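Working through the structure, step by step
Spelled out, the chains give:
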Amino acid sequence: MIYSNRAEWLAASQKRVLLFGMSGLGKTYLSAMLRGTGWFHYSVDYRIGTRYMGEFIADNFKREAMKSPFLRELLLTDSVYIASNITFDNLAPLSTYLGKPGSEAKGGLPFEEYMRRQNQHRAAEKAALLDTVHFVRRAREIYGITSFVCDSGGSICEVVDPTDPADPILRALSENFLMVWIEGSEAHTEELVRRFDRAPKPMYYQPEFLERKWVQYRVERGLKEDEVNPDDFVRWTYRQALQHRQPRYAAMAEHWGVKVKAEDVALVRDEKDFTSLIAAALPA
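Residues numbered from 1 in each chain as written. Predicted model: local features only at pLDDT ≥ 70, side-chain atom pairs only at ≥ 80, totals over all residues. Heavy atoms only, no water.

- An unreviewed UniProt entry lists the protein chain under the name ATPase, with Sedimentimonas flavescens given as the organism.

This is the structure:
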């Protein structure tokens, strides 16, 4: 760890942290709060959606637009411009592109196409994570900002091997950032599941986990691929995905960083609170 104890963290004039854990537990809240106090805020999901998958997303919009005779004519004559408007707070264009597998009549994607997009996201997430180190230098050289927070996506644990001491992404990140797991409780998990059930959203899954669940779901229900209800499948998979990720997050914290509790994160109101929260997670 770049800060081996509490005193080093508190004395550091250049504080650099990477937040990880389940989506919805405070990573973006803390990052936005720190940005408001002068920290540089790097969002991995934003980087994925702009730098690495922006063209895929825009092309998907254009494919849909070409189905309309009115828009088709405008596109073919370069009369309109179509692009996504991803922000730190609105990643809907990326989620929409990832989609959900199942019946096309119900808004789903053929599983082969769905997996192709999942693989695109995996490559993009790995690249965006490694870019974090470059942005530390960029923040300092261009903007004169030395304190840095990386808001990682919930799927970071799916694209690294937390138990491999030679994992290239985790080594690069841990050499430059204090990696902080925001650990949720069972109550948090239940609330996340309830929230997801109300509005199921596309997400990235580890390929082996996803393929296993795709087969299991269809076998249990006796469904062909084109008979699967996309929303029902992702609802069914979501809780299991959280359970799958939990030990991977824990291993990341054990081998590469520290952990804080989500209920303590909810009490953070300013940079001073955040500094104290992290200090308490480090050895004395």
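Description of the layout of surface pockets
- If you add up the space inside the largest pocket, you get close to 1,000 Å³.
- As for the largest pocket, its lining consists of 35 residues, and the residues nearest its centre are Ser 23, Gly 24, Asp 45, Leu 91 and Lys 201.
- Within the residue set of the lining of the largest pocket, elements represented by two or more residues are α2 (27–35), β2 (40–43), α6 (92–98), α9 (186–198) and α11 (230–256).
- For the lining of the largest pocket, a count of residues per class yields 15 nonpolar, 13 polar and seven charged.
- What lines the second largest pocket is a set of 13 residues, and nearest its centre among them are Asn 60, Glu 64, Thr 96, Leu 109 and Arg 117.
- Counting residues per element, the ones that place at least two in the lining of the second largest pocket are α4 (54–65) and α6.
- The class makeup of the residues in the lining of the second largest pocket is three nonpolar, five polar and five charged. (1 Å grid on protein atoms, 1.4 Å probe; cavity = no way out; pocket = protein on both sides within 12 Å on 5 of 7 lines; lining within 4 Å. Points joined across faces, edges and corners; volume = space filled by probe spheres on them. Helix = DSSP H or I, 4+ residues; strand = E, 2+ residues; numbered from the N terminus. Nonpolar A, V, L, I, M, F, W, Y, C, P; charged D, E, K, R; others polar.)

Observations regarding the packing of aromatic side chains
- Per the counting criterion, the structure on display carries 21 aromatic pairs.
- Pairing Phe 111 with Tyr 114 gives two aromatic rings, centres 6.2 Å apart and planes at 35°, and the pair type is tilted. Residue Phe 111 and its partner Tyr 114 are both found in helix α7 (residues 111–143); the two are separated by three residues, about one turn of the helix.
- For Phe 111, a relative accessible area of 13% gives the class buried.
- Consider the rings of Tyr 217 and Phe 233, whose centres lie 5.3 Å apart with planes at 80°: the pair is edge-to-face. Residue Tyr 217 is located in helix α10 (residues 207–221), and its partner Phe 233 is located in helix α11; the two are separated by 16 residues in the primary sequence. Both residues of the pair, Tyr 217 and Phe 233, belong to the buried class.
- Put simply, the rings of Phe 40, Tyr 42, Phe 135, Tyr 143, Phe 148 and Phe 177 pair up and form one aromatic cluster.
- One residue, Arg 51, lies across the ring of Tyr 52, its end atom 4.8 Å from the ring centre. (Phe/Tyr/Trp six-rings, centres within 6.5 Å; stacked < 30°, edge-to-face > 60°. Buried < 20%, exposed > 50% of the residue type's maximum accessible area, 1.4 Å probe, protein only. Lys NZ or Arg CZ within 6 Å of the ring centre and 35° of its normal.)

Observations concerning the pairing of strand β1 (residues 16–20)
- With respect to burial, β1 is a largely interior element, five of its five residues being buried.
- In β1, alternate side chains face the same way, and those of Arg 16, Leu 18 and Phe 20 on one face and Val 17 and Leu 19 on the other are all buried.
- Across four bridges, β1 lies against strand β3 (residues 148–151) in parallel orientation. The residue of β3 that forms the bridge with Arg 16 is Phe 148. (Pairing = 2+ DSSP bridges.)

Remarks on the sheet that holds strand β5 (residues 257–261)
- The five strands lie next to each other as β2-β3-β1-β4-β5, forming an open sheet whose pairing is parallel. The strands lining the two open edges of the sheet, one partner per strand, are β2 and β5. The sheet shows a mean angle of 25° between the axes of neighbouring strands, direction not considered.
- Sheet topology places β2 next to β3; four bridges connect them, and they run parallel. The residue of β3 that forms the bridge with Ser 43 is Asp 151.
- Across the face of the sheet, α11 comes into contact with β1, β4 (178–183) and β5 while running at roughly 145° to β4.
- Contacting β1, β4 and β5, helix α13 (residues 271–281) crosses the sheet at an angle of about 120° to β5. (Axes fitted to C-alpha atoms, helices over the stretch in contact; angles between N-to-C directions. Contact = heavy atoms within 4.5 Å.)

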